[in-house]
Amino acid sequence: MASSPIKPNFFDSFDGTRLAWRETGEGRPVVLIHGFFSDAETNWIRYGHAEAVAARGFRVVMPDLRAHGSSAKPHDPAAYPPDALARDGHALVAHLGLSDYDLGGYSLGARTTCRMLATGATPRRVIFSGMGLDGLTHVERRAGHFRHILTNLGNHEKHSPEWFAEAFLKTTDGDPQALLGVIDTFVSTPAEEIARFAWPALCVSGVQDHDNGSTAALADVLPDARYVEVPGNHMSAVLKPELGQAIADFLAA
């Protein structure tokens, strides 16, 4: 069952960009970051994942990335330096005064989590969902894929992956120009660096999700990771209750 909408809160990030976050539940904080073209409402709230996590005694904090959801969508290229999303994540953690928290994300949210870890974040536990090893170590492949989608809107073959992505973009009222800027923020993380991430980690993806490489391979590289498969592919796994349940079970263990 879908959860009710949650009104956003706002803060100014490292460069003054106005960003939104939503939260639900009480208890230990967990920051969950949505995927590209999506937003907190679509990724975490609508299909009950935030509710499932909150029910296990957590305060679920869900930002809208810059250029997404209720956050500002600047068109100035200067608003999209490398690692801007990770810097936004650090700014939110600082704004909320979080010192003992968990951190994770889906797809681009998982990549943002990785970059936050690589640039000094100190959560207790981490969640990589909808993400494989290749999606963290070689961001240029997905960057090219999304650049192609955004610069050829209306011209994609029906029922192709690009066509489905464009259809999803329409449902979230995405701003193509701003989203092109987000692609410029992508930064790869070497596998050797990921192998030093000692945090307890959950690696969870749809059994048919190969969009960002192998999630099992990511779990193998991480020193202390649990690998879980849930139903669906990269787009449909977010609709399944098993995704939120896997995250809730990991956090509550």
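Residues numbered from 1 in each chain as written. Predicted model: local features only at pLDDT ≥ 70, side-chain atom pairs only at ≥ 80, totals over all residues. Heavy atoms only, no water.

> Whenever I open this one, the packing of helix 6 (residues 139-150) against helix 8 (residues 176-183) confuses me. Can you help?
It is the contact of helix 6 with helix 8, at a shortest axis distance of 10 Å, that shows an interaxial angle of 165°. Regarding the angle of helix 6 to helix 8, the classification is roughly antiparallel. Remark: the crossing between helix 6 and helix 8 carries left-handed chirality. Contacts between helix 6 and helix 8 involve A143, F146, R147 and L150 from the first element and P176, L179, L180 and I183 from the second. Residues belonging to the contact of helix 6 with helix 8 are distributed by class as follows: 7 nonpolar, no polar and 1 charged. (Axes fitted to C-alpha atoms, helices over the stretch in contact; angles between N-to-C directions. Helix = DSSP H or I, 4+ residues; strand = E, 2+ residues; numbered from the N terminus. Parallel < 35°, antiparallel > 145°, perpendicular 65-115°, else oblique. Left-handed = near helix turned anticlockwise from the far one by under 90°. Contact = heavy atoms within 4.5 Å. Nonpolar A, V, L, I, M, F, W, Y, C, P; charged D, E, K, R; others polar.)

> When you look at the nonpolar core in this model, what are you seeing that I'm missing?
Here is a general trend for soluble globular proteins: nonpolar side chains tend to be buried in one another's company. Core analysis: the biggest nonpolar cluster contains 53 residues, and F36, F37 and F128 have the highest contact counts within it. When residues of this core are assigned to their parent elements, the largest contribution, 6 residues, is made by helix 3 (residues 84-96). With near-sequence residues (within four places) excluded, F37 lies in contact with H68, F146, I149, L150, A165, F168, L169, T172 and L179. Within the second largest apolar cluster, 24 residues are counted, among which are A40, A54, V204 and F250. (Core = buried A, V, L, I, M, F, W, Y, C linked by side-chain atoms within 4.5 Å. Buried < 20%, exposed > 50% of the residue type's maximum accessible area, 1.4 Å probe, protein only.)

> Explain the side chain of R111 here, please?
Mapped onto the fold, R111 is located in helix 4 (residues 108-118). Among the polar contacts made by the side chain of R111, one reaches the main-chain carbonyl oxygen of G135 at a distance of 2.9 Å. Filtering out sequence-adjacent residues up to four positions away, R111 remains in contact with M131, G135, L136, V139, R142, F186 and N212. (Polar contact = N/O pair within 3.5 Å; in protein donor to acceptor, adjacent residues only side chain to side chain.)

> Honestly, the packing of aromatic side chains in this entry has me stumped. Any pointers?
Both the distance between ring centres and the angle between the ring planes are used here to describe each pair of aromatic rings. In this structure the tally under the stated criterion is 7 aromatic pairs. With a centroid separation of 5.9 Å and an interplanar angle of 70°, the aromatic rings of F36 and F186 are classed as edge-to-face. Of this pair, F36 sits in the loop between strand 3 (28-33) and helix 1 (40-45) while F186 sits in the loop between helix 8 and helix 9 (191-194), and the two are 150 residues apart along the sequence. Judged by its relative accessible area of 8%, F36 falls in the buried class. On the accessibility criterion, F186 (11% relative accessible area) is buried. Between the aromatic rings of W163 and F164, the centroid separation amounts to 5.1 Å while the plane-to-plane angle is 80°, which identifies the pairing as edge-to-face. Among the aromatic residues, ring-to-ring pairing joins F36, F37, F146 and F186 into one connected group. Positioned over the ring face of F186 is R111, at 4.9 Å from the centre of the ring. (Phe/Tyr/Trp six-rings, centres within 6.5 Å; stacked < 30°, edge-to-face > 60°. Lys NZ or Arg CZ within 6 Å of the ring centre and 35° of its normal.)

> Would you take a moment to explain the packing of helix 6 against helix 7 (residues 161-171) for this structure?
Two numbers describe a pair of packed helices, the interaxial angle and the distance between the axes. Two numbers describe how helix 6 lies on helix 7: the axes approach to 10 Å, and their chain directions differ by 70°. Taken together, the axis directions place helix 6 and helix 7 in an arrangement best described as roughly perpendicular. Here the hand of the crossing between helix 6 and helix 7 comes out right-handed. Counted together, H145, H148, I149 and L150 of helix 6 and E162, A165, E166 and L169 of helix 7 form the full contact between these two elements. Among the residues forming the contact of helix 6 with helix 7, the class breakdown is 4 nonpolar, 2 polar and 2 charged.

> Help me understand the sheet that holds strand 6 (residues 126-129) in this model?
Whenever strands of a sheet pair, they do so through backbone hydrogen bonds, lying parallel or antiparallel. Spatial ordering of the open sheet is given by 1-2-4-3-5-6-7-8, a layout of 8 strands whose pairing is mixed. Strands at the two margins of the open sheet, each flanked by one partner only, are strand 1 (9-12) and strand 8 (225-230). Adjacent strand axes in the sheet meet at a mean angle of 20°, parallel and antiparallel pairs treated alike. Pairing of strand 1 with strand 2 (residues 18-24), which is carried by 4 bridges, proceeds in the antiparallel orientation. When the sheet's bridge partners are listed, F10 is paired in strand 2 with A20. Contacts between helix 4 and the sheet are confined to strand 3, strand 5 (102-106) and strand 6, with strand 5 contributing the most and set at about 140° to the helix. Running at roughly 170° to strand 7 (residues 201-206), helix 11 (residues 241-252) makes contact with strand 3, strand 4 (58-64), strand 5, strand 6, strand 7 and strand 8 of the sheet. (Pairing = 2+ DSSP bridges.)

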